[in-house]
Amino acid sequence: MIGLKGTLNVIDNSGAVLVECVNVLKQKVNNGWGGVGDEIVCIVKRARPLAGAALASSTAVKVRRGDVRRAVIVRTKKAVRRPDGRMIKFDDNAAVLLNNKREMLGTRIAGVVSADLRMKGWGKIVSLAPKVV
């Protein structure tokens with residue numbers, strides 16, 4: 001469950017390392033708390049420094065500290081109950097950054113993601129992830 005001021009690790013190669021949630025989008029049911037597969041608005045709190053070669057290439061996505069971006073939650077510390085009765089929880093909260101068209105900013109995902117993403121319409125993220133739990 002991610003709410004206001006919640007921090008998440010970024011597991012794609014967009015350049016951000018840590019983001020802070022400022023709003024959970026389209027979530028009327030759960031009183032402003034977001035779970036796996038929910039879209040959030042976040043601020044980049046920590047980013048990787050931009051290399052000189054990355055500045056020259058036009059394909060490099062430049063995410064800087066202080067940028068306001070959209071993201072989708074891919075793992076949460078809060079346990080989620082599956083329909084078969086299993087409880088799934090992760091060691092940290094993590095997200096993948098999106099652009100305004102709901103497309104991924106990065107091209108790779110480094111880390112485990114939840115299988116619940118596929119049911120919520122984020123099949124692209126699931127297909128790029130090295131492991132799905």
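If you're wondering where the values come from, they're calculated on a predicted model, not measured in any experiment.

Asker: Break down the overall build of the protein chain for me, with residues and values.
Answerer: Scanning the protein chain from N- to C-terminus turns up three helices and nine strands. Each helix and strand of the protein chain, ordered N terminal to C terminal, gives the series β-β-β-α-β-β-β-β-β-α-α-β. Its C-alpha atoms give the protein chain a radius of gyration of 15 Å, near enough to 14 Å, the size a compact globule of 133 residues would have. For the protein chain, the spread of C-alpha atoms along the principal axes amounts to about 50 × 30 × 25 Å. Per-residue burial over the protein chain gives 41% buried out of 133 residues. A separation of at least 24 residues holds for 53% of the contacts in the protein chain among residues at least 6 apart in sequence.

Asker: Tell me about the side chain of serine 114, and name the residues and values.
Answerer: With respect to the helices, strands and loops of the structure, serine 114 is situated in the loop between strand 8 (112–113) and helix 2 (116–119). Residues in contact with serine 114, not counting those within four places in the same chain, are Val36, Val74, Arg82, Phe90, Val126, Val132 and Val133.

Reading the values: rules and limits
Residues numbered from 1 in each chain as written. Predicted model: local features only at pLDDT ≥ 70, side-chain atom pairs only at ≥ 80, totals over all residues. Heavy atoms only, no water. Helix = DSSP H or I, 4+ residues; strand = E, 2+ residues; numbered from the N terminus. Rg over C-alpha atoms; globule rule 2.2 N^0.38 Å. Buried < 20%, exposed > 50% of the residue type's maximum accessible area, 1.4 Å probe, protein only. Contact = heavy atoms within 4.5 Å.

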